[in-house]
Amino acid sequence: MQILTSLLLAAATSHAHYTFPKLVVNGKPGDDKDWTVTRRTKNADTKQGVENPTNADIRCYSSTNAGTVAEVPAGATIHYISTQQVNHPGPTQYYLAKVPEGKSASSWDGSGNVWFKIATTMPTVDANKQMTWPGQNEYKTVNITIPKATPDGEYLVRVEHIALHLAMQANKAQFYLSCSQIKITGGGNGTPGPLAAFPGAYKSSDPGILVNLGSIQPSAYQPPGPAVWSG
Ligand SMILES: [Cu+2]
């Protein structure tokens, strides 16, 4: 068991991790280049994940504001290009936060009880009886839809992939995430919620964060954070 654990740890540290510098909207670039509408994260060079989900980095990874805002029609599909293969097991989640009146997506910090979840993913069992996750081993994040009922206006969109291969220990899940500046058009009259804050939405002890994937059924996984708002 000791040997197996060492091997797993060695494997976990011997490869590059990932960032999500490029938003794609309906199959077309949202970012013209890396970090154009997506805010450049503090780990852009190191590619290290956030390990403590109550740290301020959990919101947008202490990113610097981006130069422009991407227009995104309600009902559009979005995903992110990843700098490396998203090789670890774990869910991908997307959140939106509406920019308050009088503020701009180019500079608002996303603070407060403002974030609602629009997508999450659950594991399945493949033909070899292995647990697998949507988007695992791809060079992009899973494609999701902006709910048609989302009201028009400026938003921050936040994507995260939670790597759970070491998550049987507290504060060893790894959060890979980005925030982009967008303007939703052609939307509806929905009332998005429930709303949560980052930090605040997650605790280190949440069952979807402190979890031994080897000991649960795939359908029993509980993604952290609020319920998905689908419009
Ligand atoms: Cu790793």
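What you see is a predicted model, and the numbers here were worked out from it, not measured in a lab. (Residues numbered from 1 in each chain as written. Predicted model: local features only at pLDDT ≥ 70, side-chain atom pairs only at ≥ 80, totals over all residues.)

**A word on the sheet that holds strand 9 (residues 144–145)**
Next, step 1: As summarised here, the arrangement of the four strands in space is 2-1-4-9, forming an open sheet in which the pairing is antiparallel. In this open sheet, the two strands that pair with only one neighbour each are strand 2 (28–29) and strand 9.
Next, step 2: Relative to strand 9, strand 4 (residues 77–81) runs antiparallel, the two being bridged by two bridges. Following the sheet pairing, Thr77 is matched in strand 9 by Thr145. (Pairing = 2+ DSSP bridges. Helix = DSSP H or I, 4+ residues; strand = E, 2+ residues; numbered from the N terminus.)

**Looking at the pairing of strand 11 (residues 174–185)**
Next, step 1: Within strand 11, ten of the twelve residues are buried, which leaves it mostly tucked inside the rest of the structure.
Next, step 2: In this structure, strand 3 (residues 70–73) lies alongside strand 11, joined through four bridges in parallel fashion. Note on strand 11: the bridge partner recorded for Ala70 is Ile182.
Next, step 3: Note: strand 10 (residues 153–163) against strand 11, eleven bridges, orientation antiparallel. Paired with Glu160 across the two strands is Leu177, which belongs to strand 11. (Buried ≥ 20, exposed ≤ 12 C-beta atoms within 10 Å, placed from the backbone.)

**Here's the deal with the sheet that holds strand 3**
Next, step 1: Read from one edge of the open sheet, five strands run 3-11-10-5-6, paired in mixed fashion. Among the strands making up the open sheet, the edge pair consists of strand 3 and strand 6 (115–119). Put simply, the sheet's adjacent strands are angled 40 degrees from each other on average, direction ignored.
Next, step 2: Summarising the sheet, strand 5 (residues 92–98) and strand 10 pair through seven bridges and their orientation is antiparallel. Note on strand 10: the bridge partner recorded for Tyr94 is Val159. (Axes fitted to C-alpha atoms, helices over the stretch in contact; angles between N-to-C directions.)

**Section: the UniProt feature "domain: Auxiliary Activity family 9 catalytic" (unreviewed entry) in the chain**
Next, step 1: In the numbering used here, UniProt assigns the "domain: Auxiliary Activity family 9 catalytic" (unreviewed entry) feature to residues 17–218.
Next, step 2: The span residues 17–218 is 2% helical and 28% strand by assignment, and the distance between its end C-alpha atoms comes to 24 Å. (UniProt positions renumbered as here; feature names shortened; annotations may be inferred.)

**Here we look at the environment of Gly135**
Next, step 1: With respect to the secondary-structure elements, Gly135 resides in the loop between strand 8 (131–132) and strand 9.
Next, step 2: Classification of Gly135 as partly exposed rests on a count of 19 C-beta atoms within 10 Å.
Next, step 3: C-alpha of Gly135 to C-alpha of Pro224: the two residues are 89 residues apart in sequence and 18 Å apart in space.
Next, step 4: Here Gly135 is in contact with Val86, Thr92, Thr121, Thr141 and Val142, once residues within four sequence places are set aside. (Contact = placed C-beta atoms within 7 Å.)

**Quick word on the environment of Asp206**
Next, step 1: Position of Asp206 among the secondary structure elements: in the segment after strand 11.
Next, step 2: For Asp206, a count of 16 C-beta atoms within 10 Å gives the class partly exposed.
Next, step 3: Spatially, the C-alpha atoms of Asp206 and Ala170 are 9.8 Å apart, while their sequence positions differ by 36 residues.

**Describing the pairing of strand 4**
Next, step 1: Judged from the four bridges that link them, strand 1 (residues 22–25) and strand 4 form a sheet pairing that is antiparallel. Residue pairing in the sheet places Val24 in a bridge with His79 of strand 4.

**What to know about the nonpolar core**
Next, step 1: Membership of the largest hydrophobic core comes to 52 residues, with the highest contact counts inside it found for Val72, Ile118, Tyr155, Val157 and Ile182.
Next, step 2: For this core, the elements supplying multiple residues, two or more each, are strand 1, helix 2 (57–60), strand 3, strand 4, strand 5, strand 6, strand 10 and strand 11.
Next, step 3: When sequence neighbours within four positions are dropped, the list of residues in contact with Ile182 reads Val37, Val69, Ala70, Val72, Ala105, Tyr155 and Val157. (Core = buried A, V, L, I, M, F, W, Y, C linked by C-beta atoms within 7 Å.)

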